[in-house]
Amino acid sequence: MSDPNGLIQPGRIAPGFTLPATPDGALVGPEQFRGRPVVLAFYPADWSPVCGDQMSLYQSAAPVFAQYQAVVLGVSVDSIWSHRAFAESKGIEFPLLSDFEPKGEVARRYGAYLPQRGEAARALVVLDPAGTVTWSYLSPPDVNPGADGIFDALDQLAADRKVMAG
Amino acid sequence: MSTPLQVTARLRDPVTTEDHIRGPADAAVTIVEYGDFQCPFCGAAYPNLHELLRQRADTVRLVYRYFPIANVHPYAERAAETAEAAGVRGRFWEMHDWLYEHQDQLDPVHLSLGVEQVGLPPDELNAEVENRTHADRVRRDFVGGIRSGVNGTPTLFVNGVRHDGGYDLPDLLTAVDAAANA
C-alpha cells in the first residue's frame, strides 16, 4: 500500500532504509550520511527523453550541493543495471538507488509511489543532518521540478543551525 | 516550511549591464534564456528566437546566460567560455550565433576555426579558455539559473516568469504577446 497520507511531511523522522546503488550495487541509505543534509530525489524512470533531465541537472549542480555538504540520492524502481547504464551515459556520479525488489517499497514508505504507473512519483525530500524531514515537494510526474526548492530548503537549514549555534 | 503543490519559478537575478543583451533597451518584453551551446533543443530553439526578435523587433529583447550541462555535453563549458572571451571583445552575439549554427563542430579544432571566422585571434581566446579566465562568469550564470528554477535547457524566463511552454515560433509569439499586453 502507498501511504494514504501522501508524501511525507516536514517534522517526520525519515524512515530508514538501504537499497542497492550505483556504481557497484553496494547498499546505500540516508542513515549513512548523518551529520549532513540528505536530498532524496524520487523519480519515475531512468532515460527520460530530454537533455536536461532531472538527474543530469543535479549532477551538473554538484558543486552547489557540495557548498552545503549535502548528499543527493536518486531513487527509482529501475534495476541496478539500468541505473548503471544511465549513470554512465549521463556522467552521474552521485548514487542512484534501485527500489526494485520489493518494487517501490521505499517510495511507498515515503508516500512517493504511483501504483497506477508502477513508478516512483517525482518527489523531493530534504532531510536535516539528524534525519528529520525538513522539506518535501511533490511535482507532477512530467514536470522536472529543478533544484530551486531544494536550495531554498538547504539555505533555511543552514540559517536555523546558525540560530541554534548563536 | 509549507509544501505548495506547484510553484511558478521566477528569475532571481535581475538583468544588468553585465548581461549579453540583444534588442532594444526599452523593450516591453525581456526574454532571459539559459542555454547550453551543445544542447540540441537549444539549437532547435535558436532560429525561432532569431525570427521572434525579427518579428517583434520593437517589443522584445533577448538576454543570454550560460547553463552548460557539462556531464552530458563535454564541449559545452568550453563553448560557453569561448563565447564569454568573445564577449569581452564585443563579439558575443557573433560567437553565440556561430556556435548555434555549428553545433556539430564544437570540438577544439573546429572551435578555433570558428573563432577565426568571427574575426578574433584563436590563440589568444584559446589561452583564456585553457586558463579558465572566464569560468567564474559562466559558473555565476549557472548558479543563478539553478536558483531561479532552470530545469533543463533551454529554459526561458519571459518578463521574469519561467516559460513552461514550447519553443516553436507560434508558442514563443503567444508568450511574448501575452507578456506585452499584461
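Residues numbered from 1 in each chain as written. Chains lettered and ligands numbered in written order. Predicted model: local features only at pLDDT ≥ 70, side-chain atom pairs only at ≥ 80, totals over all residues. Heavy atoms only, no water.

A. Spotlight on the overall build of chain B. Helix and strand content of chain B: seven helices and five strands. Scanning chain B from its N terminus toward the C terminus, one meets helices and strands in the order β-β-α-β-α-α-α-α-α-β-β-α. Against the compact-globule benchmark of 16 Å for 182 residues, chain B has a radius of gyration of 16 Å, which places it among compact chains. Oriented by its inertia axes, the alpha-carbon framework of chain B measures out at about 50 × 40 × 30 Å. Burial statistics for chain B: of 182 residues in total, 53% are counted as buried. (Helix = DSSP H or I, 4+ residues; strand = E, 2+ residues; numbered from the N terminus. Rg over C-alpha atoms; globule rule 2.2 N^0.38 Å. Buried < 20%, exposed > 50% of the residue type's maximum accessible area, 1.4 Å probe, protein only.)

B. Fine view of empty space enclosed by the protein. Residue and element names in this part refer to chain B. Here the structure, examined in full by the defined rule, presents three cavities of 30 Å³ or more. Size it by volume and the largest cavity reaches roughly 80 Å³. As for the largest cavity, its lining consists of R78, T82, P108, L111, S112, V115, P122, L125, N126 and V129. Elements with a contribution of two residues or more to the lining of the largest cavity: α2 (76-87), α4 (108-117) and α5 (122-130). A class-by-class count of the residues in the lining of the largest cavity yields six nonpolar, three polar and one charged. (1 Å grid on protein atoms, 1.4 Å probe; cavity = no way out; pocket = protein on both sides within 12 Å on 5 of 7 lines; lining within 4 Å. Points joined across faces, edges and corners; volume = space filled by probe spheres on them. Nonpolar A, V, L, I, M, F, W, Y, C, P; charged D, E, K, R; others polar.)

C. Representation of unusual backbone geometry in the model. Cis peptide bonds are those with omega within 30 degrees of zero, and the linkage from T22 of chain A to P23 of chain A qualifies with 5°. Its place among the elements puts P23 of chain A in the loop between β1 (19-20) and β2 (27-28). Following T153 of chain B, the chain continues into P154 of chain B via a peptide bond in cis, with omega recorded as -5°. The residue P154 of chain B is located in the loop between α6 (135-148) and β4 (155-158) in this model. Even without being a glycine, Q69 of chain A presents a positive backbone phi close to 55°. Summarising the element assignment, Q69 of chain A is placed in the loop between α2 (62-67) and β4 (71-76). Q69 of chain A gets classed as exposed once you look at its relative accessible area, which sits at 54%.

D. Structural detail: helix α3 (residues 80-90) of chain A. All names here are of chain A. Where α3 is concerned, the buried positions are I80, S82, H83, F86, A87 and K90. Across the axial projection of α3, the buried residues extend over an arc of 155°, all falling on one side. Residues W81 and E88 are exposed on α3 and point more than 90 degrees away from its buried face. If you follow the buried residues of α3, they end up packed against β1, α1 (54-60), β4 and β5 (96-98). Where α3 ends, the next residue or the one after it, G91, has phi of about 65°, a positive value. (Arc of directions from axis to C-beta. Contact = heavy atoms within 4.5 Å.)

E. The arrangement of the interface of chain B and chain A in detail. Facing 28 residues of chain B, the contacting portion of chain A comprises 31 residues. The interface formed by chain B and chain A includes three salt bridges. A salt bridge links R147 of chain B to D155 of chain A, with the shortest nitrogen-to-oxygen separation between them at 2.7 Å. For the side of chain B that touches chain A, the secondary-structure elements that each account for two or more residues are α1 (40-55) and α6 of chain B. The element best represented in the side of chain B that touches chain A is α6 of chain B, accounting for six residues. The residue inventory of the side of chain B that touches chain A, partitioned by class, reads 15 nonpolar, 10 polar and three charged. (Salt bridge = Lys/Arg side-chain N within 4 Å of Asp/Glu carboxyl O.)

F. Representation of the packing of α2 of chain B against helix α3 (residues 92-101) of chain B in the model. All names here are of chain B. With their axes 7 Å apart at the nearest point, α2 and α3 run at an angle of 150° to one another. Taken together, the axes of α2 and α3 lie roughly antiparallel to each other. In this structure, α2 crosses over α3, and the sense of that crossing is right-handed. Contacts between α2 and α3 involve A79, T82, A83, A86 and G87 on the former and, on the latter, F92, M95 and L99. Looking at the contact of α2 with α3 residue by residue, the classes come out as six nonpolar, two polar and no charged. (Axes fitted to C-alpha atoms, helices over the stretch in contact; angles between N-to-C directions. Parallel < 35°, antiparallel > 145°, perpendicular 65-115°, else oblique. Left-handed = near helix turned anticlockwise from the far one by under 90°.)

G. Just the packing of α1 of chain B against helix α7 (residues 169-180) of chain B, in detail. Residue and element names in this part refer to chain B. α7 packs onto α1 with a crossing angle of 45° between their chain directions and a minimal axis gap of 9 Å. Between α1 and α7, the angle is such that the two are oblique. Once α1 is placed against α7, the crossing between them reads as right-handed. Contacts between α1 and α7 pair N48, L49, E51, L52 and Q55 from the former with L169, L172, L173 and V176 from the latter. A breakdown of the residues in the contact of α1 with α7 according to their chemical character gives six nonpolar, two polar and one charged.

H. Structural view of the side chain of H163 of chain B. Residues and elements named next belong to chain B. Examined against the element boundaries, H163 turns out to sit in strand β5 (residues 161-163). We classify H163 as buried; its relative accessible area is 12%. Among the polar contacts listed, one links the side chain of H163 to the backbone oxygen of G165, at a separation of 3.5 Å. Excluding its chain neighbours within four sequence positions, the residues that come into contact with H163 are L156, F157, V158, D171, L172 and A175. (Polar contact = N/O pair within 3.5 Å; in protein donor to acceptor, adjacent residues only side chain to side chain.)

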